[in-house]
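# Examination of the molecular architecture
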Amino acid sequence: MTEAGPPGLDKEIHHPTRLTVAAFLSGCAEAEFSTVRDYCGVTDSVLSKTVATLEKAGYVSVRKGYFGKRPRTWLALTLTGRTALAAHLAALETLAGAARRAGAEVPDAGGADEEGT
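Description of the structure in this document. (Residues numbered from 1 in each chain as written. Predicted model: local features only at pLDDT ≥ 70, side-chain atom pairs only at ≥ 80, totals over all residues. Heavy atoms only, no water.)

Scanning the chain for helices and strands turns up 5 helices and 3 strands. N-terminal to C-terminal, the α/β element order of the chain is α-α-β-α-α-β-β-α. Counting the 117 residues in the chain, one finds 28% classified as buried. The contacts in the chain between residues at least 6 apart in sequence include a share of 49% that link residues at least 24 apart. Accessible surface for the chain amounts to roughly 7,500 Å². Of this, 57% is attributable to carbon and sulfur atoms. (Helix = DSSP H or I, 4+ residues; strand = E, 2+ residues; numbered from the N terminus. Buried < 20%, exposed > 50% of the residue type's maximum accessible area, 1.4 Å probe, protein only. Contact = heavy atoms within 4.5 Å. Areas by Shrake-Rupley, 256 points an atom, 1.4 Å probe, with all protein chains shown as cover.)

Structure, rendered in structure tokens:
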């Protein structure tokens, strides 16, 4: 697992499209490429590049086969990917919690200055 910014954030998952793909795949055993593409609202090319990055990191597995006579590609989040996603989400929660606590400690965190503007 590699970091991007605060400790615990995984640079391979941190990118919004990669995070969306990993989060979607975390909810199922596997999903067809076109289903993931449509959910993420990206092109085939963008999803292919995203999957290649996640596969290289060991976070996604790709299975090719046929459904009837039509070729299909299925994607699955690996155990390593599930662990990385959980750690990344926990790091985001920690970061958000720290920000909330810091904001609560600042007097008049609402943004008004001394003149009430």
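Let's pick the thread back up.
What follows covers the packing of aromatic side chains. Scanning the entire structure with this criterion turns up 1 aromatic pair. When the ring centre of Trp74 is taken as reference, the NZ or CZ atom of Arg63 above it lies at 4.2 Å. (Phe/Tyr/Trp six-rings, centres within 6.5 Å; stacked < 30°, edge-to-face > 60°. Lys NZ or Arg CZ within 6 Å of the ring centre and 35° of its normal.)

The next subject is the sheet that holds strand β3 (residues 70-77). Spatially, β1-β3-β2 is the arrangement adopted by the 3 strands of the open sheet, whose pairing is antiparallel. Unpaired on one side and paired on the other, β1 (31-32) and β2 (60-67) mark the two borders of the sheet. Relative to β2, helix α4 (residues 44-56) is tilted by about 125 degrees, and along the sheet it contacts β2 and β3. (Pairing = 2+ DSSP bridges. Axes fitted to C-alpha atoms, helices over the stretch in contact; angles between N-to-C directions.)

On to the side chain of Thr78, then. By the element assignment, Thr78 lies in the loop between β3 and α5 (79-105). One polar contact links the side chain of Thr78 to the main-chain carbonyl oxygen of Gly58, over a distance of 2.6 Å. (Polar contact = N/O pair within 3.5 Å; in protein donor to acceptor, adjacent residues only side chain to side chain.)

Our next topic: the pairing of β3. On a regular strand, each side chain points to the face opposite its neighbour's, so the side chains alternate between the two faces of the sheet. Judged from the 2 bridges that link them, β1 and β3 form a sheet pairing that is antiparallel. Across the sheet, residue Ala31 finds its bridge partner in β3, namely Leu75. Joining the antiparallel neighbours β2 and β3 is a turn of 2 residues, in which Gly68 adopts a positive phi near 70 degrees.

In total, this model carries 4 salt bridges according to the counting rule given. Among the charged side chains, a salt-bridge network with shared partners connects Arg37, Asp38 and Asp44. (Salt bridge = Lys/Arg side-chain N within 4 Å of Asp/Glu carboxyl O.)

Now for the nonpolar core. When a protein is soluble and globular, its nonpolar side chains tend to lie buried together. In terms of nonpolar packing, the biggest core is built from 18 residues, with Val21, Leu25, Val36, Leu47, Val60, Leu75 and Leu77 touching the most fellow members. If you list the elements that add at least two residues to this core, you get α2 (16-25), α3 (33-40), α4, β3 and α5. Val36 has contacts with Val21, Phe24, Leu25, Ala31, Leu47 and Leu75, leaving out every residue within four places of it along the chain. (Core = buried A, V, L, I, M, F, W, Y, C linked by side-chain atoms within 4.5 Å.)

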